[in-house]
Number of protein chains: 2
Amino acid sequence: VQRAQLRPAVGLIFFVLSLPMKGDNKLRISIVGTGNVATHLAEAIAQSEHELVYIISRDLSRANQLAERFSAEGKTDVKLTELDIDILIFAVKDEALKADFFQNVPKNVILCHTSGSISMEVLQGHQNYGIFYPLQTFSKQKELNFQDIPICLEASSKEVMQKLHLLASSISDKVYEVNSKQRKALHVAAVFACNFSNLMYQIANDICIDEELDFDILRPLIKETAAKVQEHRPYEVQTGPAKRNDLKVLNLHRKYLEKKPDYQEIYNMLTYQIRKNNEEL
Amino acid sequence: VQRAQLRPAVGLIFFVLSLPMKGDNKLRISIVGTGNVATHLAEAIAQSEHELVYIISRDLSRANQLAERFSAEGKTDVKLTELDIDILIFAVKDEALKADFFQNVPKNVILCHTSGSISMEVLQGHQNYGIFYPLQTFSKQKELNFQDIPICLEASSKEVMQKLHLLASSISDKVYEVNSKQRKALHVAAVFACNFSNLMYQIANDICIDEELDFDILRPLIKETAAKVQEHRPYEVQTGPAKRNDLKVLNLHRKYLEKKPDYQEIYNMLTYQIRKNNEEL
């Protein structure tokens with residue numbers, strides 16, 4: 001539990017000092033999947049000191065297409081008995097993570113998945129396994145710098161953790177050791193921080209559309225709100241009528257939202273929560 | 001209503017073409033107030049081609065303190081009968097905006113306030129008046145580039161609008177004409193986009209504290225979520241278990257939140273809204 005609180009730099013120094021000094025630390029990696037996470041991960045690994053060997057998918061043409069971009073090889077069979085690789089990463093949908101996928105993978109290969117909500121135990125039929133969970137919202141439209149993406153690791157043994165750390169720290173500056181219980185909580189927290197704040201943006205956008213206002217008027221505000229909590233705790237930088245308990249403005253807003261009962265209900269509930277945090281209630 | 005949808009650049013060109021060509025377009029500005037908005041605004045105006053003349057506050061030492069930073073003059077009396085200025089901006093709390101403040105200001109001076117929720121009519125006892133509403137979340141701790149802050153204008157006449165536009169476009173690239181009804185809606189939208197998304201960050205932070213997780217793990221996600229909607233509509237980039245109707249994960253999350261009934265209720269309501277938008281319900 002302590003470890004997850006270590007600053008990445010400290011974790012990295014600790015890790016480097018504890019590494020057995022081998023001549024060659026170049027790992028051979030393969031990825032199962034061709035979606036958003038698989039694509040961004042493949043790109044980051046291909047640019048690292050390690051080697052991206054295979055892209056594996058049930059759909060061979062997709063596997064080939066993605067593999068080609070990084071001079072890797074496309075494969076369609078995950079039941080590989082002679083994989084000459086160190087780590088096999090399953091970057092697939094939760095539903096696709098099934099135990100029988102892994103049964104023929106050589107024992108020395110480390111198996112890991114990238115899911116925030118599936119426990120590590122799904123892989124326990126295998127000898128060496130772990131979690132390689134990049135915490136970010138991925139979309140095909142947008143370029144991402146993997147260096148800034150936190151990677152949360154969990155492993156079946158200390159040796160496995162060392163290898164996963166070696167890979168993770170070569171593509172990201174932010175590597176954390178996070179156990180299954182913490183990872184599950186982190187996934188819930190991420191829903192609030194990402195999916196729900198995006199819903200707030202959407203409601204704001206809907207109000208703009210109703211009033212024939214350009215959503216651009218709100219975009220700098222959204223950017224600054226997210227920028228503020230990069231340095232501060234959210235509680236310290238809360239502003240607005242609920243925070244300052246401005247009942248007059250709160251009532252004006254509630255009245256405005258009468259024509260949108262769903263949004264009014266959300267407004268009331270979240271206002272209540274801010275006032276409660278502020279001990280006005 | 002149409003005007004608010006004009007891109008700032010187009011609005012600016014339209015405005016420049018419609019300007020009467022005078023030799024000197026340098027405006028003399030004064031600000032009432034010494035809070036966050038007053039401070040950031042004073043700084044921006046002092047750096048513009050226009051002149052910041054007076055900072056006015058009931059508290060003379062505060063007025064002097066702020067005025068000194070910009071080679072302006074501090075004053076304590078707002079009932080000024082011989083103000084040789086063009087525009088007087090009230091950047092004060094909503095409660096402090098009272099009609100009797102303005103009664104002795106010379107008629108030719110344009111009076112305006114910076115509030116998102118107070119209508120323009122509070123100033124109608126005066127001859128020339130308007131709204132100068134910068135839409136941003138201001139805090140003393142953080143430097144802001146005013147050039148990126150949208151300024152929403154409303155005016156009692158075309159001539160007043162021209163002068164407000166001249167000032168606004170000298171300190172910001174983003175100037176919009178927004179009527180009182182639109183401004184009120186914008187203020188509600190801003191509560192969702194800023195105050196409520198910050199509450200979502202805070203809930204995420206609380207979960208991290210509970211699990212002894214470093215909030216830094218979530219900060220890049222928050223930044224990227226806000227960055228995505230700078231180019232896209234929020235609806236287009238929504239992700240997560242509610243969006244993909246992943247009932248298994250939704251149930252896991254609800255169960256995790258059982259120990260925090262307030263947060264569970266918020267989770268349920270916002271999940272419902274995302275699914276409804278997505279026509280799953």
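The rules behind each value
Residues numbered from 1 in each chain as written. Chains lettered and ligands numbered in written order. Predicted model: local features only at pLDDT ≥ 70, side-chain atom pairs only at ≥ 80, totals over all residues. Heavy atoms only, no water. Contact = heavy atoms within 4.5 Å. Buried area = accessible area lost by both parts, 1.4 Å probe. Salt bridge = Lys/Arg side-chain N within 4 Å of Asp/Glu carboxyl O. Polar contact = N/O pair within 3.5 Å; in protein donor to acceptor, adjacent residues only side chain to side chain. Helix = DSSP H or I, 4+ residues; strand = E, 2+ residues; numbered from the N terminus. Nonpolar A, V, L, I, M, F, W, Y, C, P; charged D, E, K, R; others polar. Pairing = 2+ DSSP bridges. Axes fitted to C-alpha atoms, helices over the stretch in contact; angles between N-to-C directions. Buried < 20%, exposed > 50% of the residue type's maximum accessible area, 1.4 Å probe, protein only. Expected span 1.5 Å × (residues − 1). Phe/Tyr/Trp six-rings, centres within 6.5 Å; stacked < 30°, edge-to-face > 60°. Least-squares fit on C-alpha atoms with pLDDT ≥ 70 in both. Core = buried A, V, L, I, M, F, W, Y, C linked by side-chain atoms within 4.5 Å.

> I'd like a rundown of the interface of chain B and chain A, residues and numbers included.
The interface is formed by 96 residues belonging to chain B together with 95 residues belonging to chain A. For the chain B and chain A pair, buried surface summed over both sides reaches about 9,500 Å², with 64% attributable to carbon and sulfur atoms. Sorting the residues of chain B by area buried against chain A places F192, I217 and M269 of chain B first, and these three jointly supply 7% of that buried surface. Between chain B and chain A we count 4 salt bridges in total. A salt bridge links D262 of chain B to K276 of chain A; the nearest nitrogen and oxygen atoms lie 2.6 Å apart. On the surface where chain B and chain A come into contact, there are 27 residue pairs in polar contact (both at pLDDT 80 or more). Listed by contribution, the elements that provide at least two residues to the side of chain B that touches chain A are α5 (180–210), α6 (219–231), α7 (247–256) and α8 (261–277) of chain B. Broken down by element, the residue count for the side of chain B that touches chain A peaks at 27 residues, all from α5 of chain B. By residue class, the composition of the side of chain B that touches chain A is 51 nonpolar, 23 polar and 22 charged.

> Give a description of the sheet that holds strand β6 (residues 129–134) of chain A that names residues and reports values.
Residues and elements named next belong to chain A. The mixed open sheet is built from 8 strands, whose spatial order is β3-β2-β1-β4-β5-β6-β7-β8. The open sheet terminates on both sides in strands that have one partner only, identified here as β3 (73–75) and β8 (175–177). Averaged over all adjacent pairs, the angle separating strand axes in this sheet is 25°, with direction ignored. When strand β5 (residues 110–113) meets β6, the two strands line up parallel, connected through 3 bridges. Within β6, the position partnered with L111 by the bridge is Y129. Set on the sheet, helix α3 (residues 60–69) makes contact with β2 (51–56) and β3; between it and β3 the angle comes to about 165°. The strands that helix α4 (residues 158–171) touches are β1 (28–32), β4 (87–90), β5, β6, β7 (151–155) and β8; relative to β7, the one it contacts most, it runs at about 170°.

> Summarise the environment of L257 of chain B; cite the residues concerned and give the values.
With respect to the helices and strands, the residue L257 of chain B is situated in the loop between α7 and α8. Its relative accessible area of 0% is what places L257 of chain B among the buried residues. For the pair L257 of chain B and Y267 of chain B, spaced 10 residues apart in sequence, the C-alpha to C-alpha distance is 8.5 Å. With residues up to four places along the chain from it excluded, the contact list for L257 of chain B reads V188 and F192 of chain A together with I207, Y263, Q264 and Y267 of chain B.

> Which residues make up α8 of chain B, and what are the values?
The end-to-end C-alpha separation of α8 of chain B is 24 Å, in line with the 24 Å expected for 17 residues at 1.5 Å each. Turning to α8 of chain B, its buried residues number three or more, namely Y263, I266, Y267, M269, L270, T271, Q273, I274 and R275 of chain B. Looking at the packing, one finds that the buried side of α8 of chain B touches α5 (180–210) and α8 (261–277) of chain A together with α5 and α7 of chain B. A positive phi of about 60° marks E279 of chain B, the residue just after α8 of chain B.

> Before we move on, could you go through the environment of K174 of chain A and cite the residues and values that matter?
All names here are of chain A. Secondary-structure assignment places K174 in the loop between α4 and β8. For K174, a relative accessible area of 25% translates into the label partly exposed. Along the chain, K174 and H126 lie 48 residues apart, while their C-alpha atoms are 28 Å from each other.

> Explain the packing of aromatic side chains residue by residue, including any values.
Residue and element names in this part refer to chain B. Tallied over the entire structure, the rule returns 9 aromatic pairs over all chains. Judged by centre distance (5.1 Å) and plane angle (90°), the rings of F192 and F196 are edge-to-face. Taken together, the residues F192 and F196, both in helix α5 and 4 residues apart, mark about one turn of the helix. Here F196 falls in the buried class, since its relative accessible area comes to 0%.

> Go over the pattern of salt bridges, please, and point to the residues and values.
Residues and elements named next belong to chain B. Scanning all chains against the criterion turns up 22 salt bridges over all chains. Among the ionic pairs, K260 bridges to D210, the shortest N-O distance being 3.1 Å. Here K260 is found in the loop between α7 and α8, whereas its partner D210 is found in helix α5, with 50 residues between them in sequence. E211 is paired through a salt bridge with K259; the nearest N and O atoms lie 3.6 Å apart. Placement of the pair is E211 in the loop between α5 and α6 and K259 in the loop between α7 and α8, with a sequence separation of 48 residues. For E211, a relative accessible area of 6% translates into the label buried.

> Could you give an account of the relation of the copies chain B and chain A, with specific residues and numbers?
Note on the copies: chain B fits chain A at an RMSD of 0.1 Å, the axial shift is 0.0 Å, and the rotation between them is 180°. Such a combination of turn and shift is consistent with a two-fold rotation axis. When each C-alpha of chain B is compared by its distance to the rotation axis, S197 of chain B comes out closest, at 2.3 Å.

> Break down the nonpolar core for me, with residues and values.
Counting 116 residues, the largest nonpolar core has F192, M200 and L218 of chain A together with F192, M200 and L218 of chain B as its most contacted members. Leaving out residues up to four positions away in the same chain, M200 of chain B has contacts with F192, A193, F196, S197, M200 and L270 of chain A together with I266 and L270 of chain B.

> Tell me what's going on with the sheet that holds strand β7 (residues 151–155) of chain B, and back it up with residues and numbers.
Residue and element names in this part refer to chain B. Taken together, the 8 strands give an open sheet; going across it, the order is β3-β2-β1-β4-β5-β6-β7-β8, and neighbouring strands pair in mixed fashion. Two strands close off the open sheet at either side, each with one partner strand: β3 (73–75) and β8 (175–177). Taken over all neighbouring pairs, the strand axes of this sheet differ in orientation by 25° on average, direction set aside. Strands β1 (28–32), β2 (51–56), β4 (87–90) and β6 (129–134) of the sheet are contacted by helix α2 (residues 36–46), whose axis makes an angle of about 165° with β1.

Just distances and angles here, no functional claims.
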